[in-house]
Amino acid sequence: MRKIKSEIIINTVENLCAETNFKLSVDVLKSLEQNIVLEKDTAKDILKEIIENAEIAEKEQIPLCQDTGTANFFIKLGRDTEIEDGDIYVAVNKGVSLGYTNSYLRKSVVSDPLERKNTKDNTPANIYIDLVSGDKIEITFLPKGGGSENASALKMLTPSVGWDGIKEFVLSTVDDKGRNACPPLIVGVGIGGDFASVGLMSKKALLREIGSENKNAFYGGKEIELLNNINKLNIGPMGMGGKTTALAVFIEVKPVHIASLPVAVNIQCHSCRRKTVII
């Protein structure tokens, strides 16, 4: 059994909060650069400004966006690890508190959805833990802004609508709300499971790198189909029109009840910040 001090987790999470908010993921930056050649006029200028913004944020060590998001952590916890002097949930939240406070990141979490009292340190974080084999802890951080989260949607479809119904829901969600989510977007789609799990699937889909292939070739083809259709909506960069409404569509699926077809669409803005570290 490998013992890990909670202080290590706290320090790791604190650094993650800053680094992830200051540096745009390489795959996202590369995709933005590749799409410049497809655009002209205003759309081209916007993509250039997004890239310039990313360069300034990394150089000056300042947030890519003023909305530094809710703190989402996807953790693979090795069964052969033991938190020596604490609890992983407590340690992660302590790291978030320090990271958002010491790095002057915006604190966007309120303690109650109606009373709206700010917690002043962006806690509690959303923490999702999977037990895996081994003696390591893999921590992936995804800060998620409110604008893109508000553009997301979930619907309980009937199985009879099939792929056409799923496609219509995804496209209508992006067409209706995508302009407000700072495109070009990354679109995570969850299909199957149940009401509780399908939303989480769609958010986990956003962790994939742009250019990665779906493990299931059938759904890989559907990702391309959706991406092509989304980019024909002419929403474009920052909703000003153009060919680049989305950089990628990622689909995750799960077994489902015979009477159900849950679908969730989790929309991410162009500032897709995510980073993984292993302890």
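Reading guide: rules and limits
- Residues numbered from 1 in each chain as written.
- Predicted model: local features only at pLDDT ≥ 70, side-chain atom pairs only at ≥ 80, totals over all residues.
- Heavy atoms only, no water.
- UniProt positions renumbered as here; feature names shortened; annotations may be inferred.
- Helix = DSSP H or I, 4+ residues; strand = E, 2+ residues; numbered from the N terminus.
- Salt bridge = Lys/Arg side-chain N within 4 Å of Asp/Glu carboxyl O.
- Buried < 20%, exposed > 50% of the residue type's maximum accessible area, 1.4 Å probe, protein only.
- Expected span 1.5 Å × (residues − 1).
- Arc of directions from axis to C-beta.
- Core = buried A, V, L, I, M, F, W, Y, C linked by side-chain atoms within 4.5 Å.
- Contact = heavy atoms within 4.5 Å.
- Pairing = 2+ DSSP bridges.
- Axes fitted to C-alpha atoms, helices over the stretch in contact; angles between N-to-C directions.
- Parallel < 35°, antiparallel > 145°, perpendicular 65-115°, else oblique.
- Left-handed = near helix turned anticlockwise from the far one by under 90°.
- Nonpolar A, V, L, I, M, F, W, Y, C, P; charged D, E, K, R; others polar.

In the nomenclature of an unreviewed UniProt entry, the chain is known as Fumarate hydratase of Endomicrobium trichonymphae. Turning to the chain, the UniProt annotation filed under Sequence similarities (unreviewed entry) states: "Belongs to the class-I fumarase family."

K.L.:
Talk me through the UniProt feature "coiled-coil region" (unreviewed entry) in the chain; I want residue IDs and the actual numbers.
P.N.:
UniProt's entry tags residues 29-60 with the feature "coiled-coil region" (unreviewed entry), counted in the numbering of this structure. Helix makes up 84% of residues 29-60 and strand 0%, whereas the separation of the span's terminal C-alpha atoms amounts to 17 Å.

K.L.:
How would you sum up the pattern of salt bridges? Please name residues and give values.
P.N.:
In a structure, side chains of opposite charge can pair up when their charged atoms sit close to one another. Tallied over the full model, the rule gives 14 salt bridges. A salt bridge links lysine 275 to glutamate 19, with the nearest nitrogen and oxygen atoms 2.6 Å apart. Of this pair, lysine 275 sits in strand 10 (residues 275-278) while glutamate 19 sits in helix 1 (residues 6-22), placing them 256 residues apart in sequence. Exposure remark for glutamate 19: the relative accessible area of 35% places this residue in the partly exposed category. Across the pair glutamate 225 and lysine 222 runs a salt bridge whose closest N-O atoms are separated by 3.6 Å. Highlighted residues: glutamate 225 and lysine 222, both in helix 8 (residues 217-230), separated by three residues, approximately one helical turn. Residue glutamate 225 is classed as partly exposed on the basis of its relative accessible area, which comes to 24%. Relative accessible area serves as the criterion here: at 15%, lysine 222 is assigned to the buried category. One network of salt bridges, in which partners are shared, links Lys144, Glu149 and Lys203.

K.L.:
How would you sum up the UniProt feature "domain: Fe-S hydro-lyase tartrate dehydratase alpha-type catalytic" (unreviewed entry) in the chain? Please name residues and give values.
P.N.:
The UniProt feature table records "domain: Fe-S hydro-lyase tartrate dehydratase alpha-type catalytic" (unreviewed entry) at residues 11-277. Its end C-alpha atoms 12 Å apart, residues 11-277 is made of 38% helix and 24% strand.

K.L.:
I'd like to hear about helix 8, residue by residue, with values.
P.N.:
Spanning 14 residues, helix 8 covers 20 Å between terminal C-alpha atoms, matching the ideal 20 Å at 1.5 Å per step. Here helix 8 has its buried residues at Gly220, Lys222, Glu223, Leu226, Leu227 and Ile230. Down the axis of helix 8, the smallest arc covering the buried residues is 160°, so these residues share one side. Among the exposed residues of helix 8, those oriented more than 90 degrees off its buried face are Ala217 and Ile224.

K.L.:
Explain the nonpolar core residue by residue, including any values.
P.N.:
Judged by nonpolar contacts, the single largest core of 25 residues is most densely connected at Ile9, Phe73, Ile75, Val92, Val96, Ile137 and Ile139. Listed by contribution, the elements that provide at least two residues to this core are helix 1, strand 2 (70-78), helix 4 (88-102) and strand 5 (137-144). If sequence neighbours within four positions are ignored, isoleucine 9 has contacts with Ile4, Ile83, Ile88, Ala91, Val92, Ile137, Ile139 and Ile279. Leu157, Leu171, Val189 and Ile191 belong to the second largest nonpolar core, which has 24 residues in total.

K.L.:
So, the sheet that holds strand 6 (residues 153-157): which residues are in play, and what are the values?
P.N.:
Taken in spatial order, the four strands line up as 6-9-7-8 in an open sheet, and their pairing is mixed. In this open sheet, the two edge strands, each paired with only one partner strand, are strand 6 and strand 8 (246-256). Here the strands of the sheet are splayed against their neighbours by 15° on average, with no regard to which way each runs. Sheet topology note: the strand 6/strand 9 (residues 261-268) ladder contains five bridges and is antiparallel. Bridge pairing in strand 9 places leucine 154 opposite alanine 264.

K.L.:
Pulling in residues and values, what's your account of the packing of helix 2 (residues 26-35) against helix 3 (residues 41-60)?
P.N.:
In the contact formed by helix 2 and helix 3, the axes pass within 9 Å of each other and the chain directions differ by 150°. By the angle class used here, helix 2 and helix 3 are roughly antiparallel. Considering the relative orientation of helix 2 and helix 3, their crossing is left-handed. Across from Leu29, Leu32, Glu33 and Asn35 in helix 2, the residues of helix 3 making contact are Leu47, Ile50, Ile51 and Ala54. Tallied by class, the residues present in the contact of helix 2 with helix 3 amount to six nonpolar, one polar and one charged.

K.L.:
Quick rundown of the pairing of strand 9? Include the residues and the values.
P.N.:
Taken across its eight residues, strand 9 has eight buried, putting it largely inside the fold. Residues Leu261, Val263, Val265 and Ile267 line one face of strand 9 and the alternating positions Pro262, Ala264, Asn266 and Gln268 line the opposite face, and both faces are buried. Of the strand pairs in this sheet, strand 7 (residues 185-193) and strand 9 are connected by six bridges, and their pairing is antiparallel. Bridged to glycine 190 within strand 9 is alanine 264.

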